[in-house]
Amino acid sequence: RSSSAGKGSERGMKPQTFWDRLVRAVQDRSFIIGSIMVTMFVLVAVLGPEVAPHNPYLRDRIQTIDGQLQRAPFPPSDRYPMGTDDQGRDMLSMLLHGARQTLVTAFVAMMMRLLLGLLLGTLAGWWSGSLLDRAITALTEFLAAVPGLILAILLVFAVGIRRGQIAFIVALSLVGWG
């Protein structure tokens, strides 16, 4: 009886190949829009610093614009398409340089999360029912109960905010592996 039920379900559903799934995904508008957005962000992160119109670290508070001496912040113009901040730094150049740092931080944190989750999950599964398994499970439940953003902020301060990007990578890695 169970074998006939299995045969009926096998006849009704054919397993989809990779190409079948790809064709179906390409026909989905949200997949196309999302793919374009991700591609554009990666291109901006990779090529951004090379196409930035100005040095993002250059402070130029007082400039001569249209024959008049003016003080920063400068409004959007042909010279500064997104304007400047109060230090006279070009906002577009800072955005293009910052995109690369954001992408690197997100990629490294994601890889660390995957590796940490894989390692701890493997250890818990290998010694199922042991004290190590119970400790990892308790830690996972604790991390699920505490809001991730608050825990990440606390970890950034614990690691040391003056360490810069490393502190954020460590904090994001330790919060999201569960």
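Below is a summary of the structure that appears in this document. Small disclaimer: the values here were computed from a predicted structure and weren't measured.

## A closer look at helix α7 (residues 165-176)
Link 1 in the chain: In a regular helix each residue adds 1.5 Å, so 12 residues correspond to 16 Å; α7 covers 17 Å between its end C-alpha atoms and thus fits that length.
Link 2 in the chain: Every buried residue belonging to α7 is among A167, I169, A171, S173 and V175, and all of these are buried.
Link 3 in the chain: Looking at the packing, one finds that the buried side of α7 touches α4 (91-126) and α6 (148-159).

## A closer look at the packing of aromatic side chains
The geometry of two aromatic rings is summed up by the distance between their centres and the angle between their planes.
Link 1 in the chain: Under the criterion given, the structure shown has two aromatic pairs.
Link 2 in the chain: Measuring from centroid to centroid gives 5.1 Å for F18 and W19, while their planes differ by 75 degrees, and the two rings are edge-to-face. Per residue, the accessibility class of F18 equals that of W19, and both read exposed.
Link 3 in the chain: When the ring of F74 is compared with that of Y80, the centres are 6.1 Å apart and the planes differ by 10 degrees; the resulting orientation is stacked.
Link 4 in the chain: For Y80, a relative accessible area of 5% translates into the label buried.

## Considering the side chain of D85
Link 1 in the chain: Turning to its location among the elements, D85 is positioned in the loop between β2 (68-71) and α4.
Link 2 in the chain: Of the residues examined, D85 reaches a relative accessible area of 13% and is grouped as buried.
Link 3 in the chain: Here Q87 takes part through its backbone nitrogen, which lies 3.1 Å from a polar atom of the side chain of D85.

## A look at the nonpolar core
Link 1 in the chain: Formed by L120, A124, I136, L143, L151, A152, L155, V156, A167, A171, V175 and W177, the largest nonpolar core amounts to 12 residues.
Link 2 in the chain: Those elements that provide at least two residues to this core are α4, α5 (131-145), α6 and α7.
Link 3 in the chain: For this core, the element with the highest residue contribution is α6, accounting for four residues.
Link 4 in the chain: A152 has contacts with A171 and V175, leaving out every residue within four places of it along the chain.

## Notes on the pattern of salt bridges
Oppositely charged side chains are able to pair whenever their charged atoms sit close together.
Link 1 in the chain: One pass over the structure, following the stated rule, counts two salt bridges.
Link 2 in the chain: Linking E50 and R100 is a salt bridge whose minimum nitrogen-to-oxygen distance equals 3.5 Å. Linking E50 in helix α3 (residues 29-51) with R100 in helix α4, this pair joins segments that are 50 residues apart in sequence.
Link 3 in the chain: On the basis of relative accessibility, which here comes to 33%, the residue R100 falls in the partly exposed class.
Link 4 in the chain: Among the ionic pairs, D85 bridges to R89, the shortest N-O distance being 2.7 Å.

## Brief notes about the environment of A152
Link 1 in the chain: Inspection of the secondary structure assignment puts A152 in helix α6.
Link 2 in the chain: Looking at A152, the relative accessible area reads 10%, which means it is buried.
Link 3 in the chain: Here the alpha-carbon distance between A152 and T105, two residues 47 residues apart in the chain, equals 14 Å.

## Some thoughts on α4
Every α-helix winds through 3.6 residues per turn, so residues three or four apart in the chain are directed the same way.
Link 1 in the chain: With 36 residues, α4 should reach 52 Å at 1.5 Å per residue; the first-to-last C-alpha distance of 51 Å fits that figure.
Link 2 in the chain: For α4, the set of buried residues is L92, S93, L96, A99, T105, A109, L120 and A124.
Link 3 in the chain: In this structure, the buried side of α4 is in contact with α3, α5 and α7.

Parameters at a glance
- Along each chain, numbering runs from 1 in the same order as the chain's sequence is written.
- Where totals are concerned, whole chains, interfaces and linings use all residues; where local detail is concerned, this predicted model gives features only for residues with pLDDT of at least 70, and gives and counts side-chain atom pairs only at 80 or more.
- Where side-chain values are given, they derive from all heavy atoms of the structure, hydrogens and water being excluded.
- Only DSSP runs of H or I reaching four residues or more are called helices, and only runs of E reaching two or more are called strands; each is numbered from the N terminus.
- In a helix, the anticipated span is given by 1.5 Å times the number of residues less one.
- Only protein chains enter the accessibility calculation, which uses a 1.4 Å probe; a residue whose area is less than 20% of its type maximum is buried, one above 50% is exposed, and one in between is partly exposed.
- Note on contacts: a residue pair is in contact if any heavy atoms of the two residues lie within 4.5 Å.
- Whether two aromatic rings pair depends on their centres lying within 6.5 Å, for rings of Phe, Tyr and Trp, where Trp uses its six-membered ring; planes under 30 degrees apart make the pair stacked, over 60 edge-to-face, and the rest tilted.
- Pairing of N or O atoms within 3.5 Å defines a polar contact, subject to two protein rules: one partner must be a possible hydrogen donor and the other a possible acceptor, and residues neighboring in sequence count only if both atoms are side-chain atoms.
- Throughout, nonpolar core names a set of buried Ala, Val, Leu, Ile, Met, Phe, Trp, Tyr and Cys residues whose side chains join them through atoms within 4.5 Å.
- Put simply, a salt bridge is a Lys or Arg side-chain nitrogen that is within 4 Å of an Asp or Glu carboxyl oxygen.

In short, shape yes, function no, at least from these values alone.
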